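Secondary and tertiary structure notes
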Amino acid sequence: MRDRRPDTTIIPPHKYDLERLPFAKCLLELRPGECVWPINDGSPFLFCAAKTAGKYCQHHQSRAYAAHRITKREK
């Protein structure tokens, strides 16, 4: 992912994201209950679309939580 702001935490691509690419969807194609984690850096943006009960699938939820913990620790 591209860094657009100096204080933005960049979460590098993961093997899981590459595995999700064949199933990825554009934002307008996503349905309720599908993961909205972006898995590429544009042209067009593609989102995970794995089934979920919340905003992110279990894998991306854990990555978001881990990135948040790292950011808090650095401050």
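Residues numbered from 1 in each chain as written. Predicted model: local features only at pLDDT ≥ 70, side-chain atom pairs only at ≥ 80, totals over all residues. Heavy atoms only, no water.

Here's the deal with the environment of Gln61
One can find Gln61 in helix H2 (residues 58–74). Taking the relative accessible area as the measure of exposure, Gln61 reaches 42% and is therefore partly exposed. (Helix = DSSP H or I, 4+ residues; strand = E, 2+ residues; numbered from the N terminus. Buried < 20%, exposed > 50% of the residue type's maximum accessible area, 1.4 Å probe, protein only.)

A word on the pattern of salt bridges
Pairing of side chains with opposite charge becomes possible as their charged atoms draw close. Applying the stated rule across the entire model yields three salt bridges. Ionic pairing is found between Arg63 and Asp17, a salt bridge with its closest N-O pair at 3.0 Å. Taken together, the positions of Arg63 in helix H2 and Asp17 in helix H1 (residues 15–20) put the pair 46 residues apart, joining distant regions of the chain. The same class applies to Arg63 as to Asp17, namely buried. When salt bridges that share partners are traced, they join Lys25, Glu34 and Lys51 into one network. (Salt bridge = Lys/Arg side-chain N within 4 Å of Asp/Glu carboxyl O.)

Remarks on the packing of aromatic side chains
Each aromatic ring pair is summarised here by two numbers: the centre-to-centre distance and the angle between the ring planes. Taken as a whole and assessed by the stated rule, the structure comprises one aromatic pair. Between the aromatic rings of Trp37 and Tyr56, the centroid separation amounts to 5.4 Å while the plane-to-plane angle is 75°, which identifies the pairing as edge-to-face. Pair noted here: Trp37 is in the loop between H1 and H2 and Tyr56 is in the loop between H1 and H2, with a separation of 19 residues, a long-range link. Of the residues examined, Trp37 reaches a relative accessible area of 10% and is grouped as buried. Using a relative accessible area of 23% as the deciding quantity, one classes Tyr56 as partly exposed. (Phe/Tyr/Trp six-rings, centres within 6.5 Å; stacked < 30°, edge-to-face > 60°.)

A closer look at the nonpolar core
The tendency in soluble globular proteins is for nonpolar side chains to be buried side by side. Ranked by size, the top nonpolar core spans eight residues in total: Ala24, Cys35, Trp37, Ile39, Leu46, Cys48, Ala50 and Cys57. Each residue touching Ala24, except ones within four places of it in the same chain, is listed here: Ile39, Leu46, Phe47 and Cys48. (Core = buried A, V, L, I, M, F, W, Y, C linked by side-chain atoms within 4.5 Å. Contact = heavy atoms within 4.5 Å.)

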